[in-house]
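An overview of the molecular structure
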Amino acid sequence: MEILTSSSPWLSSLSNTSTTTTLNTTAGGDNWWSPRDVLALRAVYRYLDKAMPVTLTLGIVGNVLAVLAFMTSPLKFISLSHYLSALAVADVMNLLAGLVLWVSQHGWNLYTKVGFCQLTSFVLLMSRFLTVWYLLSAHVERLLVLYGQPNSKRWCSVFRTKCVILTVFVLSLVAFLHYIWSHVVVWKRGQYMCTTMQESVIHINRLRRVELVLALFLPMLLMVGIDAALVLKMIHKRLHAAVAKPPRSASDRMLTSLKAMGDHSLRSTDKDYASADNGEITALSKSQATEAVSIKEGTNGNRQKVTTGGGGGVGVGGGGGGGGGERGEQPVPIDLNKEKCRATVMCIVMGLGFIALTLPSAYLRARMSFAEQEGRFPLTTYEIHLMQVLEKVNQFTGLYKVLLYLLFLSSFRRALLALLRNVCLSRCCRCRRHRQFVTTV
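1. Points about the overall build of the chain
Scanning the chain from terminus to terminus reveals 14 helices and six strands. Here the chain holds 441 residues, and the buried ones make up 42% of them. By sequence separation, contacts in the chain at least 24 residues apart represent 72% of the contacts at least 6 residues apart. When the accessible surface of the chain is split by element, carbon and sulfur atoms take 63% of a total near 24200 Å².

In structure tokens form, the structure reads like this:
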């Protein structure tokens, strides 16, 4: 297992490809692959490697904005927002560690510096553990919301959510802290390399087997089971609602809509009522909360239209008083509880996407850790190049989650737009104050 520990954890892209190929060509193994397949994988690896800076940068910026949108808006009062924020923080840690590896490969070799070697290995593996368990926690929260509706508010409170997030973080901190003192920088094969201490190689390999089970395969298995339960519950609720809903005629639908409009007008403010100087005008249609139409009997007998504007004023004859005759638009509330179905579907898609992007490389890691073959490396040359490509693909897990937030959650889009608007307005106000100060001076 010297090849595994001679570079970053799980055979990162810092390892020399030509050296790895030479070592594993003599190691034997299955020869079902051809040299043309290895060349194709190298070409894919080069294309992915060129796209890494953009992917890592967009992922870091997107996840930081996601945390700010969730935690600086009314979404912070919902438990799912805290899980998604913690997931975004773990993704930022993983992307930063990946950025250090990429910079070390293409320029300034930070990974082989004492301190960066230990810290990057620690953050890389701990962030992967946090990502999968926070994602599983979000699935459990959705499961409790759908199956335990009477007690879901008590089980999924913000305080309990914070306790779960803090507990998972402390456990991961303790579980991966040994990478801080077990990794060293050594001179090997004509270059400096971040590797495991020789006396700790056996113990680290054993711990990695436990980490594979607890940090990847067990959470993935639980995630698949929870996704199946969520899908079944959603289908059951949809079918039950379709069966329990009796067919209604057109007249019934019209009466129901008119009754709802009347109830809404009764709860409205006194803006529905308007008075004029030549007589009292009463709104005849209470179904319109922002527009009152009445007939004013004047000396000339003309009919005039009275409209209440958004600012509470009254306009006569098509014009508006006070509010300019325009309808006041109420802002749409930012509430994730009104998107339970969409949030659940988003969690299901997010979990399945994470498994699809992570499982192939996890399988190769398992073969690397569990296969005991004396005298040869457990992976072939083709599989080593394939694992390097999959490690690059694995970096996209920190980016696609933000795209899912934007695609599924309209409340998140509104919170993000409000955040960006506030930032722009504050910046404009600072520029104006600076200009005024300069002109006065």
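2. Examining the side chain of Thr112
By the secondary structure assignment, Thr112 is in the loop between helix 4 (79-106) and helix 5 (116-147). The class for Thr112 is buried, based on a relative accessible area of 14%. Within the structure, the side chain of Thr112 is placed 3.1 Å from the side chain of Asn109, a separation counted as a polar contact. For Thr112, the residues in contact, after removing those within four places along its chain, are Val185, Tyr192, Met193 and Cys194.

3. Structural notes on the pattern of salt bridges
In this structure the tally under the stated criterion is six salt bridges. With its nearest N and O atoms 3.0 Å apart, the salt bridge here joins Asp49 to Lys392. Pair noted here: Asp49 is in helix 3 (residues 35-71) and Lys392 is in helix 12 (residues 381-394), with a separation of 343 residues, a long-range link. With respect to burial, Asp49 and Lys392 carry one shared label: buried.

4. Comments concerning the confidence of the model for the chain
Per-chain confidence: the chain averages 75 in pLDDT, with 68% of residues scoring 70 or above. Confidence, expressed as mean pLDDT per element, reaches its minimum in the chain at helix 1 (residues 2-5) with 34 and its maximum at helix 7 (residues 158-175) with 94. Of the regions scoring below 50 in pLDDT, residues 1-8 engages in 31 contacts with residues more than four places distant in sequence or in other chains. Every residue in residues 266-329 scores below 50 in pLDDT, and together they form 84 contacts with partners more than four places removed in sequence or on other chains.

5. Thoughts on helix 4
Compared with the 40 Å implied by 1.5 Å per residue over 28 residues, the 41 Å span of helix 4 between its first and last C-alpha is a close match. Counting buried residues along helix 4, 22 of its 28 residues qualify, which places the element largely inside the surrounding structure.

6. Considering the environment of Ala138
Looking at the element boundaries, Ala138 is found in helix 5. Contact partners of Ala138, with chain neighbours within four places excluded, come to Leu80, Tyr83 and Cys347.

What counts, and where the lines are drawn
- Residues numbered from 1 in each chain as written.
- Predicted model: local features only at pLDDT ≥ 70, side-chain atom pairs only at ≥ 80, totals over all residues.
- Heavy atoms only, no water.
- Helix = DSSP H or I, 4+ residues; strand = E, 2+ residues; numbered from the N terminus.
- Buried < 20%, exposed > 50% of the residue type's maximum accessible area, 1.4 Å probe, protein only.
- Contact = heavy atoms within 4.5 Å.
- Areas by Shrake-Rupley, 256 points an atom, 1.4 Å probe, with all protein chains shown as cover.
- Polar contact = N/O pair within 3.5 Å; in protein donor to acceptor, adjacent residues only side chain to side chain.
- Salt bridge = Lys/Arg side-chain N within 4 Å of Asp/Glu carboxyl O.
- pLDDT = per-residue confidence, 0-100.
- Expected span 1.5 Å × (residues − 1).

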